[in-house]
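Survey of secondary and tertiary structure
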Amino acid sequence: MDDQLSRVFSALADPIRRDMVARLAAGDATVNELAEPYPVTVQAVSKHLKVLEDAGLISRGKQAQRRPVHLEAEVFDLMTKWIERYRREAEQRYRRLDAVLAELAGTTEQATTTTRAEGEAS
């Protein structure tokens, strides 16, 4: 995986990392703060953070003795653009399908009406 988008989606494949990203969306936190709700070691949390950092989703700062973890929201723009492109394409396909189904329904309705009219004329 050499492109950033692949690294981002791979990093977000893990539910703990997704939860960490959600928590960081509310504000910066330390590694210990991020580790609190999980039944894993601080070292395991650090490994998760390394994956998120390598994907460009987070950065780590230094404020005196505190080393806050910060969410890099710009990466979400990359994901949003990619998702939006395929969402628009899917919507266009559904609109075409709706048009075809409406046309088929109209054709079926017209044939049924014609058949009834012919049956009543007999």
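Residues numbered from 1 in each chain as written. Predicted model: local features only at pLDDT ≥ 70, side-chain atom pairs only at ≥ 80, totals over all residues. Heavy atoms only, no water.

**A closer look at the pattern of salt bridges**
Using the criterion set out here, one finds six salt bridges in the structure. Salt-bridge contacts for Lys-50 lead to Asp-54; the nearest nitrogen and oxygen are separated by 3.0 Å. Of this pair, Lys-50 and Asp-54 both sit in helix H4 (residues 42–54), four residues apart, roughly one helical turn. Of the charged contacts, one joins Arg-95 and Glu-91 as a salt bridge, the two residues approaching to 3.4 Å between their closest N and O atoms. Residue Arg-95 and its partner Glu-91 are both found in helix H5 (residues 74–121); the two are separated by four residues, about one turn of the helix. Note on Arg-95: relative accessible area 52%, which makes it exposed. Owing to a relative accessible area of 33%, Glu-91 belongs among the partly exposed residues under this scheme. Put simply, Glu-84, Arg-87, Arg-88, Glu-91 and Arg-95 are held in one network by salt bridges that share partners. (Salt bridge = Lys/Arg side-chain N within 4 Å of Asp/Glu carboxyl O. Helix = DSSP H or I, 4+ residues; strand = E, 2+ residues; numbered from the N terminus. Buried < 20%, exposed > 50% of the residue type's maximum accessible area, 1.4 Å probe, protein only.)

**Comments concerning the nonpolar core**
Counting residues in hydrophobic clusters, the biggest one holds 22 residues, and the most contacted among them are Leu-49, Leu-52, Leu-57 and Ile-58. Contributions of two or more residues to this core are made by helix H1 (4–11), helix H2 (15–25), helix H3 (31–35), H4, strand S2 (69–71) and H5. The residues touching Leu-57, leaving out its near neighbours within four places in the chain, are Val-8, Ala-11, Leu-12, Leu-52, His-70, Leu-71, Glu-72, Val-75 and Phe-76. (Core = buried A, V, L, I, M, F, W, Y, C linked by side-chain atoms within 4.5 Å. Contact = heavy atoms within 4.5 Å.)

**Points about H1**
Here H1 has its buried residues at Leu-5, Val-8 and Ala-11. The arc that holds every buried residue of H1, seen down its axis, measures 130°, which confines them to one face. (Arc of directions from axis to C-beta.)

**What about the environment of His-70?**
When you line up the elements, His-70 lands in strand S2. Looking at His-70, the relative accessible area reads 36%, which means it is partly exposed. Between the C-alpha atoms of His-70 and Leu-57, which are 13 residues apart in sequence, the distance is 8.6 Å. Among all residues touching His-70, those that are not within four sequence positions of it are Asp-28, Leu-57, Ile-58 and Ser-59.

**Overview of the confidence of the model for the protein chain**
Taken residue by residue, the protein chain gives an average pLDDT of 87. The fraction at 70 or more is 85%. For the protein chain, per-element mean pLDDT is lowest for H5, which scores 83, and highest for H2, which scores 95. (pLDDT = per-residue confidence, 0-100.)

**Points about H2**
Two residues of an α-helix separated by three or four positions point the same way, owing to the 3.6 residues in each turn. Residues of H2 that are buried include every one of Arg-17, Met-20, Val-21 and Leu-24, and no others. The buried residues of H2 occupy an angular sector of 100° when projected down its axis, which confines them to one face. Across H2 from its buried face, at more than 90 degrees, point the exposed residues Pro-15 and Ala-25. With its phi angle positive at about 155°, Gly-27 sits one or two positions after the end of H2.

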